[in-house]
Amino acid sequence: MKKILLAASLLAMSAVTHAEVDRGAQLYNVYCTQCHGVQGNGKGINAAHMSVQPRDHTDAKEMSARTDDELFKVIQQGGKSINKSVLMPIWGSNLSDDDIHALVGHLRKLCCQKN
Amino acid sequence: MKHLFSLGAAAMLAAGAPLAAHADAAGDVQQQCGACHALKHDYATPAIQERVERKAPPLDFAGNKFQRAWLASWLQNPTRIRPAGVFPPAHVKNGPDGDAVDATGLAKHPAVPAAQAEAMADYLMTLKPFDDLIKAETYQPGTIAERMGKMNFGKFKGCDGCHQDAPNSGGVSGPELYTAWKRLQPAFISSYIGNPVAWDPHTMMPKGDANADAVHKLANYLKVIGEK
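The rules we used
- Residues numbered from 1 in each chain as written.
- Chains lettered and ligands numbered in written order.
- Predicted model: local features only at pLDDT ≥ 70, side-chain atom pairs only at ≥ 80, totals over all residues.
- Helix = DSSP H or I, 4+ residues; strand = E, 2+ residues; numbered from the N terminus.
- Buried ≥ 20, exposed ≤ 12 C-beta atoms within 10 Å, placed from the backbone.
- Contact = placed C-beta atoms within 7 Å.
- Nonpolar A, V, L, I, M, F, W, Y, C, P; charged D, E, K, R; others polar.
- Axes fitted to C-alpha atoms, helices over the stretch in contact; angles between N-to-C directions.
- Parallel < 35°, antiparallel > 145°, perpendicular 65-115°, else oblique.
- Left-handed = near helix turned anticlockwise from the far one by under 90°.
- Pairing = 2+ DSSP bridges.
- Core = buried A, V, L, I, M, F, W, Y, C linked by C-beta atoms within 7 Å.
- Domains from an automatic or database assignment.
- Arc of directions from axis to C-beta.

## A look at the overall build of chain A
Phase 1 of the analysis: A tally of helices and strands in chain A yields 4 helices and 0 strands.
Phase 2 of the analysis: Overall, chain A shows an N-to-C arrangement of helices and strands of α-α-α-α.
Phase 3 of the analysis: Taking all 115 residues of chain A together, the buried fraction comes to 37%.

## Details of the interface of chain A and chain B
Phase 1 of the analysis: If you look at the interface, chain A gives 26 residues, while chain B gives 29 residues.
Phase 2 of the analysis: Per-class residue counts for the side of chain A that touches chain B are 14 nonpolar, 11 polar and 1 charged.

## Digging into the environment of Gln140 of chain B
Phase 1 of the analysis: By secondary structure assignment, the location of Gln140 of chain B is in the loop between helix 7 (131–135) and helix 8 (146–156).
Phase 2 of the analysis: Here the alpha-carbon distance between Gln140 of chain B and Lys157 of chain B, two residues 17 residues apart in the chain, equals 21 Å.

## Let's talk about the packing of helix 8 of chain B against helix 12 (residues 212–226) of chain B
All names here are of chain B.
Phase 1 of the analysis: Direction vectors running N to C along helix 8 and helix 12 enclose 125°, while the axes themselves pass 9 Å from each other. Between helix 8 and helix 12, the angle falls in the class oblique. Two packed elements cross with a definite hand, and for helix 8 against helix 12 that hand is left-handed. Residues Glu146, Gly149, Asn152 and Phe153 of helix 8 pack against Lys217, Leu218, Asn220, Tyr221 and Val224 of helix 12.
Phase 2 of the analysis: Its residues assigned to classes, the contact of helix 8 with helix 12 shows 4 nonpolar, 3 polar and 2 charged.

## What to know about the pairing of strand 1 (residues 92–95) of chain B
Residues and elements named next belong to chain B.
Phase 1 of the analysis: With 4 bridges connecting them, strand 1 and strand 2 (residues 98–101) associate as antiparallel partners. Across the sheet, the residue bridging to Val92 is Val101, located in strand 2.
Phase 2 of the analysis: Count of turn residues in the strand 1/strand 2 antiparallel hairpin: 2 residues.

## Considerations on the nonpolar core
Phase 1 of the analysis: Counting 36 residues, the largest nonpolar core has Leu75, Met120, Leu124, Ile189, Leu218 and Leu222 of chain B as its most contacted members.
Phase 2 of the analysis: Contributions of two or more residues to this core are made by helix 2 (25–33), helix 5 (68–76), helix 6 (114–124), helix 9 (180–183), helix 10 (186–194) and helix 12 of chain B.
Phase 3 of the analysis: The residue makeup of this core includes at least three contributed by each of domain 1 (2–124) and domain 2 (131–226) of chain B.
Phase 4 of the analysis: Dropping the residues within four chain positions of it, Ile189 of chain B is found in contact with Ala180, Leu184, Ala219 and Leu222 of chain B.
Phase 5 of the analysis: By size, the runner-up hydrophobic cluster in this structure holds 22 residues, among which are Tyr31, Cys32, Cys35 and Ala102 of chain A.

## Let's talk about the packing of helix 5 of chain B against helix 6 of chain B
Residue and element names in this part refer to chain B.
Phase 1 of the analysis: Their axes nearest at 8 Å, the elements helix 5 and helix 6 cross at an angle of 140°. One finds that helix 5 runs oblique with respect to helix 6. Crossing geometry of helix 5 relative to helix 6 is assigned as right-handed. Side by side, helix 5 and helix 6 meet where Arg68, Leu71, Ala72, Leu75 and Gln76 of the first sit next to Ala114, Ala117, Glu118, Met120, Ala121 and Leu124 of the second.
Phase 2 of the analysis: Its residues assigned to classes, the contact of helix 5 with helix 6 shows 8 nonpolar, 1 polar and 2 charged.

## Quick notes on the domain arrangement of chain B
Residue and element names in this part refer to chain B.
Phase 1 of the analysis: Domains assigned within chain B are domain 1 (2–124) and domain 2 (131–226).
Phase 2 of the analysis: Taken residue by residue, the interface counts 18 residues in domain 1 and 15 residues in domain 2.
Phase 3 of the analysis: Mapped onto the side of domain 1 that touches domain 2, the elements with two or more residues apiece are helix 3 (49–53), helix 4 (62–65) and helix 5.
Phase 4 of the analysis: When its residues are assigned to classes, the side of domain 1 that touches domain 2 shows 12 nonpolar, 2 polar and 4 charged.

## Quick look at helix 8 of chain B
Residue and element names in this part refer to chain B.
Phase 1 of the analysis: Residues of helix 8 that are buried include every one of Gly149, Phe153 and Gly154, and no others. End-on view of helix 8: buried residues confined to an arc of 115°, all on one side of the axis. Turned more than 90 degrees away from the buried face of helix 8 sit Arg147 and Lys155, all of them exposed.
Phase 2 of the analysis: For helix 8, the elements touching its buried residues are strand 3 (164–166) and helix 12.

## Here's the deal with the environment of Gln77 of chain A
Residues and elements named next belong to chain A.
Phase 1 of the analysis: Mapped onto the secondary structure, Gln77 falls in helix 3 (residues 68–77).
Phase 2 of the analysis: For Gln77, a count of 16 C-beta atoms within 10 Å corresponds to the partly exposed category.
Phase 3 of the analysis: Residues Gln77 and Ile90, 13 residues apart in the sequence, show an inter-C-alpha distance of 4.7 Å.

## Overview of helix 3 of chain A
Note: α-helices contain 3.6 residues per turn, so residues at a spacing of three or four share the same orientation.
All names here are of chain A.
Phase 1 of the analysis: For helix 3, the set of buried residues is Leu71, Val74 and Ile75. Seen from one end, helix 3 has its buried residues packed into an arc of 100°, which puts them on one side.
Phase 2 of the analysis: The secondary structure elements touched by the buried residues of helix 3 are helix 4 (97–112).
Phase 3 of the analysis: Once helix 3 finishes, Gly78 follows within two positions and takes phi at roughly 90°, a positive value.

## As for unusual backbone geometry
Phase 1 of the analysis: Its identity is not glycine, yet Asn83 of chain A carries a phi of approximately 60°, on the positive side.
Phase 2 of the analysis: The topology assignment puts Asn83 of chain A in the loop between helix 3 and helix 4.
Phase 3 of the analysis: The backbone phi angle of Asn168 of chain B is positive, close to 60°, even though this residue is not glycine.
Phase 4 of the analysis: You can see Asn168 of chain B is positioned in the loop between strand 3 and strand 4 (169–170).
Phase 5 of the analysis: C-beta crowding within 10 Å serves as the criterion here: with 9 such atoms nearby, Asn168 of chain B is assigned to the exposed category.

As C-alpha coordinates, this is what we get:
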(Lines give C-alpha, C1' and ligand atoms only; values in the text may rest on other atoms or scores of the structure.)
Protein backbone atom coordinates (compact mmCIF):
# COMPACT_ATOMS: atom_id res chain seq x y z
CA MET A 1 0.00 0.00 0.00
CA LYS A 2 2.83 2.34 0.98
CA LYS A 3 4.55 1.63 -2.35
CA ILE A 4 1.39 2.45 -4.28
CA LEU A 5 1.00 5.74 -2.39
CA LEU A 6 4.63 6.63 -3.00
CA ALA A 7 4.32 5.88 -6.70
CA ALA A 8 1.14 7.95 -6.91
CA SER A 9 2.84 10.85 -5.13
CA LEU A 10 5.84 10.75 -7.46
CA LEU A 11 3.52 10.64 -10.45
CA ALA A 12 1.58 13.64 -9.16
CA MET A 13 4.82 15.58 -8.53
CA SER A 14 6.01 14.77 -12.01
CA ALA A 15 2.69 15.95 -13.49
CA VAL A 16 2.93 19.25 -11.61
CA THR A 17 6.48 19.80 -12.85
CA HIS A 18 5.45 19.02 -16.41
CA ALA A 19 2.48 21.40 -16.21
CA GLU A 20 4.72 24.11 -14.80
CA VAL A 21 7.17 23.73 -17.67
CA ASP A 22 4.30 23.96 -20.17
CA ARG A 23 3.01 27.06 -18.42
CA GLY A 24 6.56 28.38 -18.52
CA ALA A 25 6.65 27.90 -22.28
CA GLN A 26 3.33 29.72 -22.65
CA LEU A 27 4.45 32.64 -20.49
CA TYR A 28 7.78 32.77 -22.31
CA ASN A 29 5.93 33.06 -25.60
CA VAL A 30 3.82 35.96 -24.35
CA TYR A 31 6.32 38.00 -22.38
CA CYS A 32 9.86 37.05 -23.43
CA THR A 33 10.01 36.16 -27.13
CA GLN A 34 9.55 39.76 -28.27
CA CYS A 35 13.17 40.38 -27.18
CA HIS A 36 14.70 36.97 -26.55
CA GLY A 37 13.31 35.43 -29.74
CA VAL A 38 10.85 32.66 -30.49
CA GLN A 39 13.76 30.22 -30.29
CA GLY A 40 15.15 31.82 -27.14
CA ASN A 41 18.39 32.68 -28.92
CA GLY A 42 18.35 36.37 -27.97
CA LYS A 43 17.31 37.47 -31.46
CA GLY A 44 13.75 38.63 -30.97
CA ILE A 45 12.02 41.19 -33.18
CA ASN A 46 13.13 44.01 -30.87
CA ALA A 47 16.76 42.91 -30.59
CA ALA A 48 17.98 44.84 -33.63
CA HIS A 49 16.75 48.06 -32.01
CA MET A 50 18.40 47.50 -28.66
CA SER A 51 21.68 48.97 -27.43
CA VAL A 52 22.31 45.87 -25.30
CA GLN A 53 21.53 42.51 -26.85
CA PRO A 54 19.09 40.26 -25.01
CA ARG A 55 20.50 37.16 -23.35
CA ASP A 56 20.72 34.02 -25.49
CA HIS A 57 18.77 31.56 -23.38
CA THR A 58 20.04 28.63 -25.40
CA ASP A 59 23.63 29.35 -24.37
CA ALA A 60 24.23 26.56 -21.87
CA LYS A 61 27.51 27.99 -20.62
CA GLU A 62 26.11 31.47 -19.90
CA MET A 63 22.91 30.16 -18.41
CA SER A 64 24.66 27.61 -16.24
CA ALA A 65 26.53 30.48 -14.61
CA ARG A 66 23.23 31.80 -13.24
CA THR A 67 21.43 30.22 -10.32
CA ASP A 68 17.68 29.73 -10.33
CA ASP A 69 17.44 32.41 -7.64
CA GLU A 70 19.27 34.90 -9.87
CA LEU A 71 16.99 34.11 -12.79
CA PHE A 72 13.96 34.53 -10.56
CA LYS A 73 15.27 37.87 -9.30
CA VAL A 74 16.06 39.30 -12.72
CA ILE A 75 12.62 38.38 -14.04
CA GLN A 76 10.85 39.75 -10.99
CA GLN A 77 12.95 42.85 -10.37
CA GLY A 78 14.51 43.58 -13.75
CA GLY A 79 18.04 43.86 -15.12
CA LYS A 80 19.02 46.70 -12.81
CA SER A 81 18.58 44.41 -9.79
CA ILE A 82 21.62 42.37 -10.86
CA ASN A 83 23.53 45.30 -12.35
CA LYS A 84 22.47 44.48 -15.90
CA SER A 85 20.61 46.51 -18.51
CA VAL A 86 17.39 48.44 -17.81
CA LEU A 87 16.18 46.93 -21.07
CA MET A 88 15.33 43.80 -19.08
CA PRO A 89 12.05 44.96 -17.53
CA ILE A 90 10.61 44.42 -14.08
CA TRP A 91 7.94 41.74 -14.51
CA GLY A 92 7.02 41.33 -10.84
CA SER A 93 3.72 43.18 -11.19
CA ASN A 94 2.67 41.28 -14.30
CA LEU A 95 3.64 37.81 -13.11
CA SER A 96 3.01 35.89 -9.89
CA ASP A 97 5.80 34.07 -8.06
CA ASP A 98 4.42 30.80 -9.45
CA ASP A 99 4.55 32.25 -12.97
CA ILE A 100 8.17 33.26 -12.50
CA HIS A 101 9.12 29.83 -11.12
CA ALA A 102 7.50 28.32 -14.22
CA LEU A 103 9.54 30.67 -16.42
CA VAL A 104 12.75 29.70 -14.64
CA GLY A 105 11.85 26.06 -15.32
CA HIS A 106 11.38 26.87 -18.99
CA LEU A 107 14.71 28.70 -19.15
CA ARG A 108 16.44 25.61 -17.80
CA LYS A 109 14.73 23.55 -20.48
CA LEU A 110 15.80 26.01 -23.20
CA CYS A 111 19.41 26.18 -22.17
CA CYS A 112 20.20 22.77 -20.97
CA GLN A 113 17.89 20.06 -22.21
CA LYS A 114 18.90 18.84 -25.63
CA ASN A 115 16.13 16.97 -27.44
CA MET B 1 -26.07 32.71 -34.75
CA LYS B 2 -24.81 35.97 -33.32
CA HIS B 3 -21.27 34.69 -33.72
CA LEU B 4 -21.90 33.79 -37.34
CA PHE B 5 -23.33 37.23 -37.91
CA SER B 6 -20.24 38.83 -36.39
CA LEU B 7 -17.98 36.70 -38.51
CA GLY B 8 -19.97 37.68 -41.56
CA ALA B 9 -19.62 41.33 -40.68
CA ALA B 10 -15.90 40.85 -40.14
CA ALA B 11 -15.61 39.18 -43.54
CA MET B 12 -17.42 42.09 -45.15
CA LEU B 13 -15.12 44.51 -43.41
CA ALA B 14 -12.07 42.57 -44.47
CA ALA B 15 -13.26 42.61 -48.05
CA GLY B 16 -13.63 46.37 -47.85
CA ALA B 17 -17.40 46.25 -48.45
CA PRO B 18 -19.14 49.54 -47.68
CA LEU B 19 -20.94 49.50 -44.38
CA ALA B 20 -24.50 50.67 -44.08
CA ALA B 21 -24.87 53.34 -41.44
CA HIS B 22 -26.39 51.86 -38.34
CA ALA B 23 -29.07 53.72 -36.48
CA ASP B 24 -27.97 52.35 -33.16
CA ALA B 25 -24.28 53.16 -32.56
CA ALA B 26 -24.01 50.72 -29.67
CA GLY B 27 -25.38 47.92 -31.77
CA ASP B 28 -23.21 49.00 -34.67
CA VAL B 29 -20.05 48.89 -32.56
CA GLN B 30 -21.08 45.54 -31.13
CA GLN B 31 -21.73 44.16 -34.58
CA GLN B 32 -18.81 45.67 -36.48
CA CYS B 33 -16.12 45.73 -33.80
CA GLY B 34 -17.12 43.01 -31.34
CA ALA B 35 -15.81 40.10 -33.38
CA CYS B 36 -12.21 41.25 -32.85
CA HIS B 37 -12.25 43.84 -30.06
CA ALA B 38 -13.33 43.11 -26.48
CA LEU B 39 -16.11 45.48 -25.44
CA LYS B 40 -16.38 44.14 -21.91
CA HIS B 41 -13.63 43.63 -19.38
CA ASP B 42 -14.29 39.89 -19.10
CA TYR B 43 -10.99 39.15 -20.91
CA ALA B 44 -9.28 40.03 -17.65
CA THR B 45 -10.30 36.88 -15.82
CA PRO B 46 -9.36 33.89 -18.03
CA ALA B 47 -5.90 32.39 -18.24
CA ILE B 48 -3.04 34.02 -20.17
CA GLN B 49 -4.00 32.03 -23.29
CA GLU B 50 -6.52 34.83 -23.83
CA ARG B 51 -3.61 37.14 -24.66
CA VAL B 52 -2.31 34.70 -27.26
CA GLU B 53 -5.69 34.52 -28.97
CA ARG B 54 -6.49 38.24 -28.77
CA LYS B 55 -7.24 39.58 -32.25
CA ALA B 56 -7.30 43.31 -31.50
CA PRO B 57 -6.83 45.73 -28.62
CA PRO B 58 -9.68 45.83 -26.10
CA LEU B 59 -12.10 48.72 -26.50
CA ASP B 60 -14.00 48.29 -23.25
CA PHE B 61 -12.23 51.34 -21.78
CA ALA B 62 -12.07 53.34 -25.02
CA GLY B 63 -13.69 56.37 -23.37
CA ASN B 64 -10.95 56.49 -20.75
CA LYS B 65 -8.22 55.96 -23.31
CA PHE B 66 -8.69 57.70 -26.63
CA GLN B 67 -8.96 61.24 -27.89
CA ARG B 68 -12.34 61.37 -29.58
CA ALA B 69 -11.18 63.44 -32.56
CA TRP B 70 -8.34 61.02 -33.28
CA LEU B 71 -10.65 58.03 -32.96
CA ALA B 72 -13.19 59.38 -35.44
CA SER B 73 -10.45 60.34 -37.88
CA TRP B 74 -8.51 57.06 -37.57
CA LEU B 75 -11.62 54.96 -38.16
CA GLN B 76 -12.01 56.68 -41.51
CA ASN B 77 -8.36 56.30 -42.45
CA PRO B 78 -6.76 53.58 -40.32
CA THR B 79 -3.00 53.26 -40.20
CA ARG B 80 -0.87 50.66 -38.45
CA ILE B 81 -0.08 51.52 -34.84
CA ARG B 82 1.43 48.19 -33.80
CA PRO B 83 4.22 47.24 -36.24
CA ALA B 84 4.02 43.59 -35.23
CA GLY B 85 0.29 43.34 -34.63
CA VAL B 86 -1.62 42.89 -31.41
CA PHE B 87 0.20 39.66 -30.51
CA PRO B 88 3.72 39.98 -31.97
CA PRO B 89 4.90 36.36 -31.47
CA ALA B 90 2.22 35.31 -33.97
CA HIS B 91 3.79 37.49 -36.66
CA VAL B 92 7.40 36.43 -36.58
CA LYS B 93 9.49 34.90 -39.32
CA ASN B 94 12.97 33.59 -38.91
CA GLY B 95 15.60 35.55 -40.82
CA PRO B 96 19.39 35.39 -41.14
CA ASP B 97 19.82 37.91 -38.33
CA GLY B 98 17.15 36.44 -36.10
CA ASP B 99 13.42 37.09 -35.80
CA ALA B 100 11.74 39.60 -38.08
CA VAL B 101 8.17 40.81 -38.35
CA ASP B 102 6.18 38.82 -40.89
CA ALA B 103 3.85 41.49 -42.21
CA THR B 104 1.99 39.12 -44.52
CA GLY B 105 -0.30 37.94 -41.73
CA LEU B 106 -1.09 41.36 -40.30
CA ALA B 107 -4.75 42.19 -40.78
CA LYS B 108 -5.68 45.55 -42.19
CA HIS B 109 -8.28 47.48 -40.23
CA PRO B 110 -11.28 48.37 -42.41
CA ALA B 111 -12.05 52.02 -43.08
CA VAL B 112 -15.40 53.31 -41.87
CA PRO B 113 -17.47 56.01 -43.64
CA ALA B 114 -17.36 59.43 -41.98
CA ALA B 115 -20.84 59.57 -40.46
CA GLN B 116 -20.56 56.06 -39.11
CA ALA B 117 -17.08 56.74 -37.71
CA GLU B 118 -18.35 59.82 -35.88
CA ALA B 119 -21.25 57.85 -34.38
CA MET B 120 -18.96 54.97 -33.39
CA ALA B 121 -16.49 57.37 -31.79
CA ASP B 122 -19.33 59.02 -29.84
CA TYR B 123 -20.41 55.64 -28.51
CA LEU B 124 -16.91 54.37 -27.76
CA MET B 125 -16.20 57.50 -25.74
CA THR B 126 -19.04 56.52 -23.40
CA LEU B 127 -17.18 53.36 -22.36
CA LYS B 128 -15.48 54.52 -19.17
CA PRO B 129 -15.17 51.76 -16.59
CA PHE B 130 -11.91 53.19 -15.24
CA ASP B 131 -12.91 56.70 -14.27
CA ASP B 132 -11.41 55.98 -10.85
CA LEU B 133 -7.96 55.40 -12.35
CA ILE B 134 -8.22 58.61 -14.36
CA LYS B 135 -9.41 60.59 -11.35
CA ALA B 136 -6.47 59.30 -9.32
CA GLU B 137 -4.05 60.81 -11.84
CA THR B 138 -2.11 63.93 -10.88
CA TYR B 139 -0.46 64.47 -14.27
CA GLN B 140 -0.50 68.01 -15.59
CA PRO B 141 0.95 68.15 -19.10
CA GLY B 142 4.22 70.04 -19.21
CA THR B 143 7.31 70.07 -21.30
CA ILE B 144 10.78 68.58 -21.41
CA ALA B 145 13.80 69.25 -23.61
CA GLU B 146 13.45 66.77 -26.47
CA ARG B 147 17.03 65.58 -26.14
CA MET B 148 16.63 64.91 -22.42
CA GLY B 149 13.27 63.24 -23.02
CA LYS B 150 14.77 60.96 -25.63
CA MET B 151 17.60 59.92 -23.33
CA ASN B 152 15.09 59.20 -20.60
CA PHE B 153 12.85 57.23 -23.00
CA GLY B 154 15.77 55.18 -24.27
CA LYS B 155 18.86 54.94 -22.15
CA PHE B 156 17.34 55.44 -18.69
CA LYS B 157 13.96 53.73 -18.94
CA GLY B 158 14.42 51.38 -21.88
CA CYS B 159 11.05 52.22 -23.48
CA ASP B 160 12.68 52.18 -26.92
CA GLY B 161 13.30 48.46 -26.54
CA CYS B 162 9.67 47.89 -27.55
CA HIS B 163 8.34 51.25 -28.76
CA GLN B 164 9.21 53.63 -31.59
CA ASP B 165 9.45 57.33 -30.74
CA ALA B 166 9.93 58.21 -34.42
CA PRO B 167 9.20 56.23 -37.59
CA ASN B 168 11.60 53.27 -37.81
CA SER B 169 13.33 54.25 -34.58
CA GLY B 170 12.86 51.83 -31.72
CA GLY B 171 11.45 48.39 -30.99
CA VAL B 172 8.49 46.97 -32.83
CA SER B 173 6.58 44.78 -30.39
CA GLY B 174 4.70 47.65 -28.76
CA PRO B 175 2.52 50.33 -30.32
CA GLU B 176 4.40 53.23 -31.87
CA LEU B 177 4.40 56.24 -29.59
CA TYR B 178 5.15 59.13 -31.92
CA THR B 179 1.41 59.61 -32.44
CA ALA B 180 0.44 58.64 -28.88
CA TRP B 181 -0.21 62.21 -27.79
CA LYS B 182 -2.76 62.70 -30.56
CA ARG B 183 -4.58 59.44 -29.97
CA LEU B 184 -4.51 59.05 -26.18
CA GLN B 185 -5.77 61.14 -23.29
CA PRO B 186 -2.94 62.63 -21.19
CA ALA B 187 -4.25 61.12 -17.94
CA PHE B 188 -4.49 57.70 -19.59
CA ILE B 189 -0.90 57.93 -20.82
CA SER B 190 0.32 58.69 -17.34
CA SER B 191 -1.87 56.11 -15.63
CA TYR B 192 -1.01 53.35 -18.11
CA ILE B 193 2.74 53.97 -17.91
CA GLY B 194 2.50 53.95 -14.12
CA ASN B 195 0.46 50.79 -13.82
CA PRO B 196 -0.48 49.06 -17.07
CA VAL B 197 -1.63 45.92 -15.26
CA ALA B 198 -4.43 47.90 -13.58
CA TRP B 199 -5.85 48.52 -17.05
CA ASP B 200 -5.17 45.15 -18.61
CA PRO B 201 -3.95 42.22 -16.50
CA HIS B 202 -2.62 40.51 -19.63
CA THR B 203 -0.75 43.50 -20.96
CA MET B 204 2.70 42.85 -22.42
CA MET B 205 3.80 46.19 -20.99
CA PRO B 206 5.75 45.82 -17.74
CA LYS B 207 5.08 47.97 -14.74
CA GLY B 208 8.43 49.59 -14.09
CA ASP B 209 9.72 51.30 -10.99
CA ALA B 210 9.19 54.86 -12.20
CA ASN B 211 7.66 57.17 -9.61
CA ALA B 212 4.94 59.67 -10.54
CA ASP B 213 7.45 62.38 -11.42
CA ALA B 214 9.39 60.04 -13.72
CA VAL B 215 6.16 58.86 -15.36
CA HIS B 216 5.15 62.47 -15.98
CA LYS B 217 8.51 63.15 -17.63
CA LEU B 218 7.89 60.26 -20.03
CA ALA B 219 4.39 61.57 -20.76
CA ASN B 220 5.84 65.03 -21.42
CA TYR B 221 8.27 63.51 -23.91
CA LEU B 222 5.35 61.92 -25.77
CA LYS B 223 3.73 65.36 -25.80
CA VAL B 224 6.88 66.97 -27.22
CA ILE B 225 7.30 64.43 -30.02
CA GLY B 226 3.56 64.24 -30.65
CA GLU B 227 3.21 67.97 -31.16
CA LYS B 228 6.15 68.30 -33.56
